[in-house]
2 protein chains.
Amino acid sequence: MNKQDYIKTAEGYAYDYPRAAVTTDCVIFGFDGTQLQVLLIERGVEPYKGHWALPGGFLRMDESVEECAFRELREETSIEPEMLEQFGVFSAVNRDPRGRVITIAFYALVRKEAVKGGDDASDARWFDIDSLPHLAFDHNDILKEARQALKRDIHHQPVAFKLLAEHFTMPQLQRLYERILGVTFDRGNFRKKMIASGVVREEQTKPVYTGHRPGKLFSFNLFGYGKMKEDGSNSQEF
Amino acid sequence: MNKQDYIKTAEGYAYDYPRAAVTTDCVIFGFDGTQLQVLLIERGVEPYKGHWALPGGFLRMDESVEECAFRELREETSIEPEMLEQFGVFSAVNRDPRGRVITIAFYALVRKEAVKGGDDASDARWFDIDSLPHLAFDHNDILKEARQALKRDIHHQPVAFKLLAEHFTMPQLQRLYERILGVTFDRGNFRKKMIASGVVREEQTKPVYTGHRPGKLFSFNLFGYGKMKEDGSNSQEF
DNA sequence: TATCTTTGCGTAAAATTTACACAAATAACA
DNA sequence: TGTTATTTGTGTAAATTTTACGCAAAGATA
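Here is what the cut-offs are and how they apply
- Residues numbered from 1 in each chain as written.
- Chains lettered and ligands numbered in written order.
- Predicted model: local features only at pLDDT ≥ 70, side-chain atom pairs only at ≥ 80, totals over all residues.
- Heavy atoms only, no water.
- Contact = heavy atoms within 4.5 Å.
- Buried area = accessible area lost by both parts, 1.4 Å probe.
- Salt bridge = Lys/Arg side-chain N within 4 Å of Asp/Glu carboxyl O.
- Polar contact = N/O pair within 3.5 Å; in protein donor to acceptor, adjacent residues only side chain to side chain.
- Nonpolar A, V, L, I, M, F, W, Y, C, P; charged D, E, K, R; others polar.
- Pairing = 2+ DSSP bridges.
- Helix = DSSP H or I, 4+ residues; strand = E, 2+ residues; numbered from the N terminus.
- Near = heavy atom within 4 Å.
- Axes fitted to C-alpha atoms, helices over the stretch in contact; angles between N-to-C directions.

### Describing the interface of chain A and chain B
Item 1. Each partner contributes to the interface: chain A provides 59 residues, whereas chain B provides 58 residues.
Item 2. Carbon and sulfur atoms supply 57% of the area buried between chain A and chain B, which totals about 5,000 Å² over both sides.
Item 3. Viewed at the interface, chain B and chain A are joined by zero salt bridges.
Item 4. On the surface where chain A and chain B come into contact, there are 15 residue pairs in polar contact (both at pLDDT 80 or more).
Item 5. A per-class count over the side of chain A that touches chain B returns 26 nonpolar, 17 polar and 16 charged.
Item 6. Bridge analysis of strand β2 (residues 12-15) of chain A against strand β2 (residues 12-15) of chain B gives three bridges, and the strand direction is antiparallel.

Below is the structure:
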């Protein structure tokens, strides 16, 4: 541990200069097969009591901001994502009515069916990303930047697969890409390119479906993904 | 202004909970025509007195982290870059011997010839990015991530042009891309693609050069760049 | 004028992307 | 049992882009 840089007084922890408080906030993305979604929690205390907000909280002295984000997420939503991606710092002087608070923003990708909390008697709820309520603090701004970060990262990281179940069909994967990027792809070409890239592997499992021809099942191929990244870095693209 | 969230005591500013200090640090990239470079300053005080470090300093209560980064940069190096790109937060519990300090890291791109300070009797100096000294704090780690961020952003933002003089030759631009990305390109293809993309415009100015055939001069074409981005977002690339 | 070095530019082959068309699989239903 | 509706799987040809490579052009130097 570091030497202490404060003096404990009757009024609290005293420093030579005023200090901002540090928090972390998390944007939890999910996908219901059609819409990109976000997990929000309803605030139980002032300020913004009753408003929806991103899960998050104050940094402790014995943890990094990543550890803080994981902890708050576990405490408030019981979610333990594989990874949190840090995408921005929000520090406008008046962003928090309690005083000077800056927040480090992360996003996480989860399979909705793997989330325990958030559907029982909890105060957490999934919202379609295109019909969000007005959120507490500057959380609407944070969410906007989270979407951009996701859009940016999907090209370089195996982002989509963390939002889907272990087995998924090609149309499901395509719909997710389309929602994240805000575009539409040709079905045949999307499939061809995905398979050619080696990031997906066809599974033998029989698909259960309803109403029409069922799609073949695929899974994410970590090995193939690694190879894709290598090749990409040597290419002439710029 | 916010209401005060501290109590001023004889020992300093007192808070209910202990707080980490917040700093910003800046990685200033430059390009000398051959090597990618970084501007560092020599620390005049403990800790790490005499060591080289990134310019940066403590967040004040009346500024955002962006404003803090700009201010510190101006104070320590006289540089006023067009923009600072935030790329990471470093918050390991023991990263600063003075106590609990987290830092928000930015990078900036500057034309070396436009930098006033840093070459007179100042304590700032340019270093080739591949022969850096051992830096103060965790600044070597920060620099490593800055390089990755630059590498990532060069595809989506007009990064390279901020490092070159207003007029530049195609081989100069190519060398810069090659240094940032760590690859080599075919000369003819690089040129073709750059011109076709519309991000550069040929200038009429006569080139001054020595030793061999001089390259034509180009400049960055903001309008063409904007168009490129639009098209890109509608494409089928994923 | 010949030589050296680097830049500018063209071209053909290879690879990829794009735009469609059509067959196949399943459920629902007459 | 066939017929229809819907969605998925697959092939193919044209258009476009990428890649590899060669040669001429523009200075400087001797």
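### Considerations on the protein's contact with DNA strand C
Item 1. Near DNA strand C lie 19 residues; those nearest to it are Arg213(A), Arg187(B), Arg191(B), Arg213(B) and Lys216(B).
Item 2. Restricting attention to atoms of DNA strand C within 4 Å of the protein, one finds that 56% of them are sugar or phosphate atoms.
Item 3. With respect to DNA strand C, the side chain of Asn189(A) contributes an N or O atom lying 3.1 Å from a base nitrogen.
Item 4. In this structure, a base oxygen belonging to DNA strand C sits 2.9 Å away from a side-chain N or O atom of Lys192(B).
Item 5. Among the secondary structure elements, those contributing two or more residues to the surface near DNA strand C are α4 (187-197) of chain A together with α4 (187-197) of chain B.
Item 6. Looking at the surface near DNA strand C residue by residue, the classes come out as three nonpolar, seven polar and nine charged.

### Topic: the protein's contact with DNA strand D
Item 1. Close to DNA strand D lie 19 residues; Arg187(A), Arg191(A), Arg213(A), Lys216(A) and Arg213(B) are nearest.
Item 2. Protein-adjacent atoms of DNA strand D, using a 4 Å cutoff, are sugar or phosphate at a proportion of 53%.
Item 3. At 2.6 Å, a side-chain N or O of Arg187(A) approaches a base nitrogen of DNA strand D.
Item 4. In the environment of DNA strand D, a base nitrogen lies 3.1 Å from a nitrogen or oxygen atom belonging to the side chain of Asn189(B).
Item 5. Among the elements of the structure, α4 of chain A together with α4 of chain B are those that each provide at least two residues to the surface near DNA strand D.
Item 6. For the surface near DNA strand D, the element with the most residues is α4(A), which contributes four residues.
Item 7. Of the residues belonging to the surface near DNA strand D, the class tally is three nonpolar, seven polar and nine charged.

### Observations regarding the sheet that holds strand β1 (residues 7-9) of chain A
Item 1. Spatially, β1(A)-β2(A)-β2(B)-β1(B) is the arrangement adopted by the four strands of the open sheet, whose pairing is antiparallel. If you trace the sheet from one side to the other, it starts and ends with β1 of chain A together with β1 (7-9) of chain B, each paired once. For this sheet, the mean angle separating the axes of adjacent strands, direction not counted, is 40°.
Item 2. With three bridges connecting them, β1(B) and β2(B) associate as antiparallel partners. Counted as the bridge partner of Ile7(B) is Ala14(B) from β2(B).

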